[in-house]
Amino acid sequence: MQAASILADEQTVLVTAMLLVVCMGLWASGIVAEVVTAMLFFAAAMLLKLAPASTVFSGFSSSAFWLVLSGMVVGLAITRTGLGTRLARSLAGRLSGSYAGFIAAVVTLSFVLAFVMPSNLGRIALMIPVVLALCDTFGLEPGRAGRSGAVLAVALATPLLSAAILPANVPNLVMAGTAETQYGLHLAYLPYLLLHAPVLAGVKGMLLVAAIVRLFPDRMSPAAADTDEPAPAFSPEERRLTIILALTLVFWVTDSLHHIAPAWVGLTAAVICLLPRIGVLPAEAFGAVNLRTCFYVAALLGLVAVVDETGLGARLGHALLAVAPLEHGAPAQNFGVLTIIASLFAVVVTANGAPALYTALAGEMSRASGLDLANVVMIQVVGYSTLFLPYQAPPIVMAMDLGRVPLRSATILTLVVGLASLFVIAPLNYLWWHILGRFP
């Protein structure tokens, strides 16, 4: 009886691995629409009984799903009321220089906003409508390379650069929570910022700007950037939406005081936007929300949950650790190996799932490498912020959908930035940590 159970477990792990490869391959290649792959996962996981329905469909109960959905409603409100265009007009005069300067400003703003707004998806929902309005102001119409570049500047800067700020994204919080629970490690805000911000935010931000300007070259229209005309008065809808957004931002910034998750704050804002008289959108406007991306995020999170519950993630981690060339007295080599391990975990279980898997193995990695446990835990930030494909970060997918950017364009940029991060940013991180005295 026990042997049959073990065999069944082995078969479940094998089938889960096959489903993982199929889904990730389809999402990465774009052979079929993302939502079709999402539905394929739900159907296959349930038909093959890989995990209970509560696990397979757990993505629908996750905060990320509801933050994506509410973010799309709020983003639609910003666009339809004209508030996005108004914000764009107020910024246009300051960003009306070169195209490269525009992209640099968008990347910088995406990073700075992470200090006050703790959710990647929430920042995407606020930034994309404004950036699209800016593109219209500067003559970067749909189909122009510069429009795709501006959208992708927000899409990648939001999850990648925010990794340098401890409470600014989900992977950081998963890492911090797991490290405290398993090892009693308490991560402090300022030491974390000093360790990661100069290279992971500063240097990587410049690398991202250079990659976008090179891969999506364009020129802004000076005539379209003219904003000398007086702006029209605020409409009642704009006033109400401004109040809704201001209150939402206040609750997001103060989440450490009231302990209400950003997702539920965002969902409340979305509901208020759709209420009659108080809101700014008719209920019928919900039909304009693209639920394909929401289903994609739910499937992605459900797949990660199935990989974790079946034990496939732990097996992959231990198998990788068994062949990893970790050696005592070789800090540079160990830094590189651990960075690659963390980045591979992010490919398999996405950036949100990688910290839980990596941190669970951090004790073994510390013993095998001879590195301090705190250093081993911190190295993963370099790894899971090194992304190669859009599906690894739901914020990138959400931005692609809101900005109507083709998967091919996003994949090319993500792959280029990921490889540059691995071969340029990671060595610079090691050098910076050496200067700080983290390594001999």
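Residues numbered from 1 in each chain as written. Predicted model: local features only at pLDDT ≥ 70, side-chain atom pairs only at ≥ 80, totals over all residues. Heavy atoms only, no water.

### Section: the overall build of the protein
Secondary structure assignment for the protein yields 20 helices and zero strands. In summary, the protein has a C-alpha radius of gyration of 22 Å against a globular reference of 22 Å for 440 residues, a match within 12%. Its C-alpha atoms put the protein at 75 × 50 × 45 Å along the principal axes. Looking at the protein as a whole, 54% of its 440 residues are labelled buried. Counting only contacts in the protein whose residues sit at least 6 apart along the sequence, the fraction spanning at least 24 positions is 79%. Carbon and sulfur atoms make up 69% of the accessible area of the protein, which amounts to about 18600 Å² in all. The average position of the 20 basic charges and that of the 20 acidic charges among the side chains of the protein differ by 6 Å. (Helix = DSSP H or I, 4+ residues; strand = E, 2+ residues; numbered from the N terminus. Rg over C-alpha atoms; globule rule 2.2 N^0.38 Å. Buried < 20%, exposed > 50% of the residue type's maximum accessible area, 1.4 Å probe, protein only. Contact = heavy atoms within 4.5 Å. Areas by Shrake-Rupley, 256 points an atom, 1.4 Å probe, with all protein chains shown as cover. Lys, Arg positive; Asp, Glu negative; His and termini not counted. Charge placed at Lys NZ, Arg CZ, Asp CG, Glu CD.)

### Digging into the packing of aromatic side chains
Within a pair of aromatic rings, the relevant descriptors are the distance that separates the centres and the angle that separates the planes. Counted under the stated rule, the structure contains 16 aromatic pairs. With a centroid separation of 5.9 Å and an interplanar angle of 15°, the aromatic rings of Trp433 and Phe439 are classed as stacked. Looking at Trp433, the relative accessible area reads 0%, which means it is buried. The class for Phe439 is buried, based on a relative accessible area of 4%. (Phe/Tyr/Trp six-rings, centres within 6.5 Å; stacked < 30°, edge-to-face > 60°.)

### Re the packing of helix H16 (residues 331–360) against helix H18 (residues 373–384)
For the pair H16 and H18, interaxial distance at closest approach is 7 Å and the crossing angle is 75°. With respect to their mutual orientation, H16 and H18 come out roughly perpendicular. Contacts from Phe335, Leu338, Thr339, Ala342, Ser343, Ala346, Ala351, Ala354, Pro355, Tyr358 and Thr359 of H16 reach H18 at Val376, Val377, Ile379, Gln380, Val382, Gly383 and Tyr384. Class assignment for the residues of the contact of H16 with H18 results in 13 nonpolar, five polar and no charged. (Axes fitted to C-alpha atoms, helices over the stretch in contact; angles between N-to-C directions. Parallel < 35°, antiparallel > 145°, perpendicular 65-115°, else oblique. Nonpolar A, V, L, I, M, F, W, Y, C, P; charged D, E, K, R; others polar.)

### Some points on the state of the cysteines
Inspection of the entire model under this criterion finds zero disulfides. Free cysteine Cys23: the closest other cysteine sulfur is in Cys294, separated by 18 Å. Counting only cysteine sulfurs, Cys273 is the nearest neighbor of Cys294, a cysteine outside any disulfide, at a range of 15 Å. Note on Cys294: relative accessible area 1%, which makes it buried. (Disulfide = S-S within 2.5 Å.)

### What to know about the nonpolar core
Trp27, Phe41 and Phe102 are the most contacted members of the largest nonpolar core, which totals 152 residues. If we ignore the near neighbours within four places in the chain, the residues touching Phe41 are Leu19, Cys23, Val56, Ala299, Gly302, Leu303 and Val306. (Core = buried A, V, L, I, M, F, W, Y, C linked by side-chain atoms within 4.5 Å.)

### Here's the deal with the packing of helix H7 (residues 120–137) against helix H19 (residues 394–403)
Their axes nearest at 10 Å, the elements H7 and H19 cross at an angle of 25°. In terms of orientation, H7 lies roughly parallel with respect to H19. In the packing of H7 onto H19, the handedness of the crossing is right-handed. Along its contact with H7, which presents Asn120, Leu121, Ile124, Ala125, Ile128 and Leu132, the element H19 presents Pro394, Pro395, Met398, Ala399, Leu402 and Gly403. (Left-handed = near helix turned anticlockwise from the far one by under 90°.)

### Considerations on the environment of Met175
Among the secondary structure elements, Met175 is positioned in helix H9 (residues 170–183). For the pair Met175 and Gln380, spaced 205 residues apart in sequence, the C-alpha separation works out to 8.8 Å. Contacts of Met175, omitting those with residues within four sequence positions, involve Leu166, Leu187, Tyr192, Pro355, Thr359, Val377, Met378, Gln380, Val381 and Tyr384.

### Let's talk about the pattern of salt bridges
Counted under the stated rule, the structure contains five salt bridges. Across the salt bridge formed by Arg315 and Glu10, the nearest N and O atoms sit 3.0 Å from each other. With Arg315 in helix H15 (residues 312–323) and Glu10 in helix H1 (residues 2–29), this pair connects stretches of sequence that are 305 residues apart. Using a relative accessible area of 40% as the deciding quantity, one classes Arg315 as partly exposed. Measuring nitrogen to oxygen at the nearest pair gives 4.0 Å for the salt bridge that ties Asp401 to Arg292. Here Asp401 is found in helix H19, whereas its partner Arg292 is found in helix H14 (residues 291–309), with 109 residues between them in sequence. Through salt bridges that share partners, Glu141, Arg144 and Asp218 make up one connected network. (Salt bridge = Lys/Arg side-chain N within 4 Å of Asp/Glu carboxyl O.)

### Side note on the environment of Asn375
Structurally, Asn375 is set in helix H18. Each C-alpha atom, one on Asn375 and one on Ile341, is 14 Å from the other, the two residues being 34 residues apart in sequence. Among all residues touching Asn375, those that are not within four sequence positions of it are Trp433, Arg438 and Phe439.

### Topic: helix H17 (residues 362–369)
Owing to its 3.6 residues per turn, the α-helix aligns residues three or four sequence positions apart on the same side. Among the residues of H17, Ala362, Gly363, Met365, Ser366 and Ser369 are the ones counted as buried. Along the axis of H17, the buried positions cluster into a sector of 165°, meaning they face one direction only. Where H17 is buried, its residues touch H9, H15, H16 and H18. Phi turns positive one or two residues past the end of H17, at Gly370, with a value near 80°. (Arc of directions from axis to C-beta.)

### Topic: the confidence of the model for the protein
With 93% of its residues at a pLDDT of 70 or more, the protein has an overall mean of 85. By mean pLDDT, the top-scoring element of the protein is helix H20 (residues 407–435) (95), and the lowest-scoring one is helix H5 (residues 83–92) (72). (pLDDT = per-residue confidence, 0-100.)

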